[in-house]
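Listed below are the residues making up each chain.
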Amino acid sequence: ICVLGMVSSLFSLWVATLLARAFSGVSGGILYFYLAILAAGLALSLLEFATLVGFRDVSEAYHAAAEPQRAMIEASSRVLAGMRDGVHFMDKILGGFSVVLLFGFLFQSRLLPRWLTVLGMLGASMQMVAVGRALFGGDVAYTLLAPLSLVFIVTMGWLLFFGFRQSSDRPSISTAE
């Protein structure tokens, strides 16, 4: 899971770098902010992955400990779980914010239809609310995650069938120099 998460984060950073290079003159800086948010998300993900390694160590200590020591190890496990959850939910909120920025760029650049980009920003905002509830003691509202999933599917379909909108006042998507 850790390796897949890092590969996914690094791939997102690479794509954001290509976008920032290709559209640096027309993005108004939003793509550089998007890139910075993705880098911060990678840092949070690495911290979350470190807690997973900590869980392994706590588990090994628990199984090796005598019965009287297990209660103390369980308490440390709960603290580690709380830290992991806090980092995880912050990472997911930051990820949702990065999606808002991406759809904001797509709205500004008109590469996709405006209705689709607005739905993307709304879906990402709903995702941040759904996950953010857990930071305040509530449960994750999983039904609020569905709209963003649907927007991603529609966006994928749109790009497969229609591609990006072309305009003479916008640079092409090619990154070759």
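To keep things clear, this report deals only with the structure shown in the data block. (Residues numbered from 1 in each chain as written. Predicted model: local features only at pLDDT ≥ 70, side-chain atom pairs only at ≥ 80, totals over all residues. Heavy atoms only, no water.)

### Quick look at the overall build of the protein chain
This is how the line gets drawn: Going along the chain from the N terminus, every DSSP run of H or I of four or more residues is numbered as a helix, and every run of E of two or more is numbered as a strand. Under the scheme applied here, a residue whose accessible area is under 20% of the maximum for its type counts as buried, over 50% as exposed, and between as partly exposed, the area being computed with a 1.4 Å probe on protein chains only. Areas reported here follow the Shrake-Rupley algorithm with a probe of radius 1.4 Å; residue values treat only the protein chains shown as occluding. When charges are counted, Lys and Arg contribute as positive and Asp and Glu as negative, whereas His and the chain ends are disregarded. Working definition for charges: the position is that of NZ of Lys, CZ of Arg, CG of Asp or CD of Glu.
Per the secondary structure count, the protein chain includes five helices and zero strands. Across the protein chain, helices and strands are ordered from the amino to the carboxyl terminus as α-α-α-α-α. C-alpha extents for the protein chain along the principal axes are approximately 75 × 35 × 25 Å. Across the 177 residues that make up the protein chain, the buried fraction comes to 35%. Within the structure as shown, the protein chain displays about 10400 Å² of accessible surface, and the carbon and sulfur contribution to it stands at 70%. Averaging the coordinates of the 11 positive side-chain charges in the protein chain and doing the same for the 10 negative ones gives two points 12 Å apart.

### Considering unusual backbone geometry
Non-glycine residue Arg110 carries a positive phi angle of around 60°. Mapped onto the elements of the fold, Arg110 is located in the loop between α3 (67–109) and α4 (114–135).

### Considerations on the pattern of salt bridges
The criterion, for reference: By salt bridge we mean one thing: a side-chain nitrogen of Lys or Arg within 4 Å of a carboxyl oxygen of Asp or Glu.
The tally for this structure, following the rule as stated, stands at four salt bridges. Residue Asp57 pairs with Arg56 through a salt bridge whose shortest N-O separation is 3.5 Å. Since its relative accessible area comes to 49%, Arg56 is described here as partly exposed. The salt bridge involving Lys92 is made with Asp91; its shortest N-O contact spans 3.5 Å. Owing to a relative accessible area of 32%, Lys92 belongs among the partly exposed residues under this scheme. We classify Asp91 as buried; its relative accessible area is 7%. Overlapping salt bridges bring together Glu48, Arg84 and Asp85 as one network.

### Quick look at the packing of aromatic side chains
Stated formally: The criterion for an aromatic pair is that two Phe, Tyr or Trp rings (for Trp, the six-membered ring) have centres within 6.5 Å, with stacked assigned to planes under 30 degrees apart, edge-to-face to planes over 60 apart and tilted to the rest.
Taken as a whole and judged by the stated rule, the model has six aromatic pairs. Relative to Trp158, the ring of Trp115 has its centre 6.2 Å away and its plane inclined at 85°; by these criteria the two rings are edge-to-face. Within this pair, whereas Trp115 is found in helix α4, its partner Trp158 is found in helix α5 (residues 146–161), the two being separated by 43 residues in sequence. According to the relative accessible area criterion, Trp115 is partly exposed, its value standing at 48%.

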